[in-house]
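Letter by letter, the chains look like this.
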Amino acid sequence: MTLVDRFLKYVSFDTQSDESTGLTPSTPKQMVFAEYLKKELESLGLEDITLDEHGYLFATLPANIDKKVPTIGFIAHMDTSPDMTGKDVTPRIVEKYDGSDIVLCAEENVVLSPSQFPELLDHKGEDLIVTNGKTLLGADDKAGIAEIVSAMAYLKEHPEIKHGKIRIGFNPDEEIGEGAHKFDVEKFGCEWGYTMDGGEVGELEFENFNAAAAKVTFKGRNVHPGYAKDKMINSIYLANRFITLLPAQERPEHTTGYEGFYHLIGIQGEVEQSSVSYIIRDHDRTKFENRKKEMERLIAQMNAEYGAGTVTLELRDQYYNMREKIEPVMHIIDTAFAAMEAVGVKPNVKPIRGGTDGAQLSFKGLPCPNIFAGGLNFHGRYEFVPIQNMEKAMKVIVKIAELVASK
């Protein structure tokens, strides 16, 4: 089975995660895909294959050299985003893309156009796998899984490429921030790993946001509107007031690079009670802590104005910037950098404006930077992946294994 065949097969599985269930995996359909992968890894002759009740699938490609070299791992996630359906994905290959608009769905006028997505033009002449305009594609992160499995198959078929012991791990629920929570780092047994979960070719990431989630609840006082003067407190207006107190320029749509933000992701409201949900993000730990303090300050300000207990805050940290765990072992970045250059890929070291399983794994004792998987426009109907991107990612995995063994 080729890399492309694998990918097309994998995206046929609906593996959307769901943060509301409280289960691991959060949806049973992820386990269906995990069982399929387990059988495939068995057919390839990998060893120490385990699939636990939470949907964590591990396997080993044994070393083919006698000298002692570090055991390394490659990791990808099986779930797709809750943002858009991943059911009945119907991919199409646009061969030798010519730079024009790609009609994904004529009946709904869904068009993938370089006028809106100029990154398409970076892939003229390449073969693009696109959606039918009605679902996401699932390259995040089934491209990563296909690349890892294909790299292991390639190394099995080419014993002349010397490598140490390699572990692979596929986990559920990355898209809801739970992917690393029940990942058994000790059982995985690696000195370091790489998540194959980045986007464009060359991406090499070892910095990510510090992240927190906040829910702010506003208590109102509902009185018949005909007799409400000086009595009614409309919690919806309180919520709106709070939203306007946060700096308007510190939203995702106004920030880039290392700039952090407050992101309003949900709002519910009636006169009696309303709530807003935010995610808070910043690469800088001090600025991150100050963002949380600012939210607390604004709530205290509103409580002083409207009465104690009118506004309450639930705040929880989600993950932290992995940079502090990677810097002491920068040789693992150097190895990935060298592997990319060796296979003709220009490394692009950049901060992740998001999170990754690798961040949580790094804090659990498994340093785990992120490498490109090759897809673009994740989480929606405009998602696509150039086949050549996936081929380059697979080559990077093979070369990393070779370089680690040669030192």
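No experiment lies behind these values; they were computed from the predicted model shown. (Residues numbered from 1 in each chain as written. Predicted model: local features only at pLDDT ≥ 70, side-chain atom pairs only at ≥ 80, totals over all residues. Heavy atoms only, no water.)

Caption draft 1: View of the overall build of the protein chain. Tallying secondary structure elements over the protein chain gives ten helices and 17 strands in all. Relative to the globule expectation of 22 Å for 407 residues, the C-alpha radius of gyration of the protein chain, 23 Å, shows essentially globular dimensions. Judged by the C-alpha coordinates and their principal axes, the protein chain covers about 85 × 50 × 40 Å. A separation threshold of at least 6 residues defines the contact pool for the protein chain, and within that pool the share at least 24 residues apart is 78%. As displayed, the protein chain has an accessible area near 18,000 Å², and 49% of this comes from carbon and sulfur atoms. Between the mean site of the 45 positive side-chain charges and the mean site of the 63 negative ones, the protein chain shows a separation of 3 Å. (Helix = DSSP H or I, 4+ residues; strand = E, 2+ residues; numbered from the N terminus. Rg over C-alpha atoms; globule rule 2.2 N^0.38 Å. Contact = heavy atoms within 4.5 Å. Areas by Shrake-Rupley, 256 points an atom, 1.4 Å probe, with all protein chains shown as cover. Lys, Arg positive; Asp, Glu negative; His and termini not counted. Charge placed at Lys NZ, Arg CZ, Asp CG, Glu CD.)

Caption draft 2: Representation of the pattern of salt bridges within the structure. Tallied over the full model, the rule gives 16 salt bridges. Between Glu107 and Lys134 there is a salt bridge, with its nearest N and O atoms 2.8 Å apart. Residue Glu107 is located in the loop between β5 (102-105) and β6 (110-112), and its partner Lys134 is located in the loop between β7 (128-130) and α3 (139-157); the two are separated by 27 residues in the primary sequence. When its relative accessible area of 64% is taken as the criterion, Glu107 is described as exposed. Using a relative accessible area of 37% as the deciding quantity, one classes Lys134 as partly exposed. Among the salt bridges present, the one from Glu289 reaches Arg285, with a minimum N-O distance of 3.2 Å. In this pair, Glu289 and Arg285 both sit in helix α6 (residues 285-306), four residues apart, roughly one turn of the helix. Taken together, the shared-partner salt bridges connect Arg285, Glu289, Lys292 and Asp317 into one network. (Salt bridge = Lys/Arg side-chain N within 4 Å of Asp/Glu carboxyl O. Buried < 20%, exposed > 50% of the residue type's maximum accessible area, 1.4 Å probe, protein only.)

Caption draft 3: Expanded view of helix α2 (residues 28-43). Compared with the 22 Å implied by 1.5 Å per residue over 16 residues, the 24 Å span of α2 between its first and last C-alpha is a close match. Inspection of α2 places Gln30, Met31, Phe33, Ala34, Leu37, Glu40 and Leu41 among the buried residues, and these make up the whole buried set. Of the surrounding elements, those touching the buried residues of α2 are α1 (3-10), β1 (47-51), β2 (57-61), α3 and β8 (166-171). Positioned one or two residues after α2, Gly45 has a phi angle of 85 degrees, which is positive. (Expected span 1.5 Å × (residues − 1).)

Caption draft 4: Molecular detail of the UniProt feature "binding site: Zn(2+) 1" (unreviewed entry) in the protein chain. Per the UniProt annotation, the sites labelled "binding site: Zn(2+) 1" (unreviewed entry) are His77, Asp140 and Asp197. With the annotated positions falling across 121 residues, the maximum pairwise C-alpha distance of 8.0 Å places them together in a single cluster. Following the sequence through the fold, His77 ends up in strand β3 (residues 72-77). Apart from the residues lying within four places of it in its own chain, the contact partners of His77 are Asp140, Asp141, Ile145, Asn171, Glu174, Glu175, Asp197 and Asp357. Within the structure, the side chain of His77 is placed 2.9 Å from the side chain of Asp79, a separation counted as a polar contact. Its place among the elements puts Asp140 in helix α3. Residue Asp140 is classed as buried on the basis of its relative accessible area, which comes to 8%. (UniProt positions renumbered as here; feature names shortened; annotations may be inferred. Polar contact = N/O pair within 3.5 Å; in protein donor to acceptor, adjacent residues only side chain to side chain.)

Caption draft 5: Layout of the environment of His123. You can see His123 is positioned in the loop between β6 and β7. Distance from His123 to Ile49, taken between C-alpha atoms, is 37 Å for residues 74 residues apart in sequence. Excluding its chain neighbours within four sequence positions, the residues that come into contact with His123 are Tyr97, Leu128, Glu200, Leu376, Phe384, Pro386 and Asn389. Side chain to side chain, His123 and Glu126 meet in a polar contact 2.8 Å long. Polar contacts involving the side chain of His123 include one to the side chain of Glu200, which spans 2.8 Å.

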